[in-house]
Each structure stands twice: as C-alpha cells, then as structure tokens.
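Structural features, examined
Residues per chain, in single letters:
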Amino acid sequence: MKFVVIGISDHPNPFFTPEVLEIIKNGKVFSGGKRHHEIVAPLLPADAEWIDITVPLNDVFAKYTANEIIVFASGDPLFFGFANTIQRKMAEAEIVVYPTFNSLQMLAHRLVMPYHDMRIVSLTGRPWPEFDKALIERTGKIGVLTDREHTPAAIAQRMLDYGYTDYQMHVGEHLGNPELEKVTTLSLEEASKREFTMPNCLIISKSSLLTSHSSLQFGIPDAAFALLDGREKMITKMPIRLLTLQTLELPKHRVFWDIGFCTGSVSIEARLQFPHLQIEAFEIRPECEVIIHENARRFGAPGISIHMGDFLKQDITNLPHPDAVFIGGHGGKLKEIMAKVLSVLSDDGVIVFNSVVAPKVMIDSQKLWNEACAELGLKQEPPLHIQLNDNHPITILKCRK
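These notes cover the structure that comes with them.

With six of seven residues buried, strand E15 (residues 350-356) is to be regarded as a mostly interior element. Viewed along the sheet, the connection from strand E14 (residues 324-327) through helix H12 (residues 334-342) into E15 turns out right-handed. In terms of strand pairing, E15 meets strand E18 (residues 394-400) through seven bridges, oriented antiparallel. Residue pairing across strands places Ile351 opposite Cys399, the latter belonging to E18.

As structure tokens, then:
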C-alpha cells in the first residue's frame, strides 16, 4: 500500500506545485480531517472517495484498503503529524511526503524569530510531562502545539502557579488563513485571562536572563520547605535526601514512587534534579496534601501525581509500575508495604528505606527491613551509615529483586 501525504496550511485556497496537482487530479481515494476536506474539495476529482480521519484511528485504518491513498495533513506531516501515525500503524507501507511549513515555523516567521534553538512540545492529545520537563530545565524558548484542553490560558496559568513568571507568550491563531490569522504577544498574566480561537499554537520565550527559580541550588535547604506542624524533624534532611536520591539510581530509571511523602521534600528534589521521572507520591495524613502542593509551587516542581490515603488500601494496578521506590514512612507495616511494592516493581527496580537509630524509637525498623527482604527474596546491598551533627544516626538501606 502507498500513502501520498500532502501538507497544507489553513489557507482557504492552498498553493500546490504542478506535481502535487497532478497527483490530486489522478487520485481515487483521499483522506484527511473535516477541515482539510472543506479546503481541498474543489480540487478533488468528481468520483473521489473521501475517508474522514476521526477517532478511533483503528476504525480509519480499517477503511484504508486501496492500493494508493492520498492524505491531506496539517503542515509538515512528519512533524507530530499523520505520516508518523502511518509509520506506526502500517510499518510496511510506502510513504511519500509533500510538506509545507508547520504552524510553529509560520509563527516564528511572523515574529521574525530564529527558531533553530526552540524546543518543541506537543500538548495535542498529550499530558503535561514534556512541557513540565522543559520548564524545570529552564528552557529559554518553547514551541507548543495546543488543543482544547491545553489552551494558551491553561498553559499560562500553569506557569504562573509554579513560579515560571519570566516568560512572555506569542500566540498564533489560524496561521496561513489570510482572513482569520492573528498573532498576539502577551504577558503570562494577560494570556491566562484570554480566550483564543482554534487552531492555535504558541511560542513561549524568556523575557529576562534570570528565572524565578534561577537561584535554586543542588539540594533545597530544609528551612525553605513548608513543614508539617512546623516540625523540622518531619523532613528528610537535605544531605540525607541527596544521598537517598543517589542510592535510588534515578538517572537510569523512569518511574519513581515516594511512599509516605509528608512534606514532599524527596519527591520535589527528585522532580527538580531528574525531570524525566514520572513521580507517584503517597501519603496517609490528609493534612500533608496541602503541604506538598504548597512546596511544589514554591520550588517550581509541577507534575507530581499525589495519592492520599493508606497505601495498603490503595488500588495500584493501573499506576505506572515503578523501577525506583523510596519508603519514607511505614507505620509499623514495612513488610506489608514492601510486599505490595514487589507485586509491581520492575525487574531492575530498587527499594530504598532510611532507618533511624534512636533510643526512643519503639520499632526496630532495620530488623523489619531485614526480615522483609529475607521473606520476599530481595537482595540487599551494603547499608550506608551516616550521622548529621547531633542528630540520630541514619542507615540508608537498599534492596533489589
């Protein structure tokens, strides 16, 4: 099967080369979105068959039975476009592409803005993680493809919520359409209160050299966090926190679970130092939900998924399986928690737990750890002993399958 994929803009009278016009003239089966059909309908042969591209896409591909299908797609079909979908769905198909400028290229052209250094993020039918990652990494210029949920206003509000305030937003609407095209440059505050027509895309660029989080160090000072009841003892101290993250081998892992997050210090530090991670944070104390949200906003750490309630009673079957797990609290049920984690832990996954050695601690947590590892067949690694100032000694424990 052969696909000829032709890129078009939003212009009601698109320009095509003589080669492309000849292909359209001799075509039999055509496909594209409803908007594409409206634009190209006058150019199609009288007996042309048209297949709308709608969801679910499996139903669309089931209709693709002809030897050759001509597809109209927005912009460059290889730029988050339908040609990529064809490659994924029908790997053996022959594909010929005739692209035009994609929407972000056109927006950069209208702004006379060099875009070789622009980082591209698609939020069209996609969640926030890649956009959050670009923010955390202090990217200077971000091109964003939007949809009806991830609107310019919603994007601007997310940036304001997490303190990424030193950007301005350039929004392009109906690019390529001479009657409807509009390009607007606004502050994030202005964009958060505006509505824009679809389709649109945007470029976010820094308005200053320093960001609101540019002074963030490797390791957030403990005193900077909002604390549970103001108790400094209810936070994993910064040096311990960084050693714990190192022990978790986070640079090579993808999904991190933080069980018993309390103030969220471990999750937030992990999010900022390793923004590629998907983080699932669990806590039984309801008052901690407000605290982790406050701290995440304070330090610019969007994208942490929060789960409130008893971990042992939560349904974890549909959550992304972890390859790194930190148990920050156990309430005397360390064995049960480890057994539940083990049911979803990836084959190369690790579990880390910090055991406090203190005279008033009634539960010997290291003994519980050793017993759990033996019963569950987990392989322990040599423990790391550390003591900060006059604080009680801590043993960082680690095991794997």
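Having seen it, we continue.
A word on the pairing of E14. Regular strands place side chains that alternate from one sheet face to the opposite one. In E14, alternate side chains face the same way, and those of Ala324 and Phe326 on one face and Val325 and Ile327 on the other are all buried. Where strand E11 (residues 255-259) lies against E14, four bridges are found, and the strand directions are parallel. Residue Trp257 lies in a different strand from E14, and its bridge partner there is Val325. Where E14 and E15 come together, four bridges link them in parallel fashion. Looking at the pairing, Phe326 lines up with Val352 of E15.

With that out of the way, let us pick up the side chain of Arg241. Note that Arg241 resides in helix H9 (residues 238-247). Of the polar contacts made by the side chain of Arg241, one reaches the side chain of Asp222; its length is 2.6 Å. Among the polar contacts made by the side chain of Arg241, one reaches the side chain of Glu269 at a distance of 2.7 Å. Residues contacting Arg241, with those up to four places away along its chain left out, are Ile220, Asp222, Phe225, Ile235, Thr236, Ser265, Val266 and Glu269.

Before going further, it helps to spend a moment on the pattern of salt bridges. One pass over the structure, following the stated rule, counts 21 salt bridges. The residue Asp222 makes a salt bridge to Arg241 at a minimum N-O spacing of 2.6 Å. With a gap of 19 residues between them, Asp222 in the loop between strand E10 (200-206) and H9 and Arg241 in helix H9 connect regions that are remote in the sequence. Using a relative accessible area of 23% as the deciding quantity, one classes Asp222 as partly exposed. Across the salt bridge formed by Glu371 and Lys335, the nearest N and O atoms sit 2.8 Å from each other.

Residues Phe131, Ile155, Ile204 and Phe256 are the most contacted members of the largest nonpolar core, which totals 59 residues. Filtering out sequence-adjacent residues up to four positions away, Phe256 remains in contact with Leu248, Leu250, Val266, Ser267, Ala270, Leu277, Gln278, Ile279, Glu280, Ala324, Val325 and Phe326. Membership of the second largest hydrophobic core comes to 24 residues, among which are Ile316, Val325, Val341 and Trp369.

With that settled, the discussion passes to the state of the cysteines. Taken as a whole, this structure holds zero disulfides when the rule is applied. Residue Cys373 stays outside any disulfide, its sulfur separated by 4.0 Å from that of Cys399, the closest cysteine. Its relative accessible area of 2% is what places Cys373 among the buried residues.

Calculation rules
Every chain's residues receive numbers from 1 upward, in the order its sequence appears when written. Owing to the predicted nature of the model, reporting of local features is limited to residues with pLDDT of at least 70; listing and counting of side-chain atom pairs is limited to 80 or more, with chain, interface and lining totals taken over all residues. Hydrogen atoms and water are omitted, and side-chain values are computed over all heavy atoms in the structure. Residue exposure (1.4 Å probe, protein chains only): buried if accessible area is under 20% of the type maximum, exposed if over 50%, otherwise partly exposed. Strands are runs of DSSP state E lasting at least two residues, helices are runs of H or I lasting at least four, and both sets are numbered from the N terminus onward. Looking down the strands as they point away from you, a crossover is right-handed if its path from the first strand over the helix to the second goes clockwise. By this definition, two strands are paired if DSSP reports at least two bridges between them. A 3.5 Å cut-off defines polar contacts: any pair of N or O atoms within that distance qualifies, except that in protein one atom must be a possible hydrogen donor and the other a possible acceptor, and neighbouring residues in sequence count only when both atoms are side-chain atoms. A contact between two residues is defined here by any heavy atoms of the two lying within 4.5 Å. Salt bridge, as used here, is a side-chain nitrogen of Lys or Arg placed within 4 Å of a carboxyl oxygen of Asp or Glu. By convention a nonpolar core is built from buried Ala, Val, Leu, Ile, Met, Phe, Trp, Tyr and Cys residues, the set being connected through side-chain atoms within 4.5 Å. In what follows, a disulfide is any cysteine sulfur pair within 2.5 Å.

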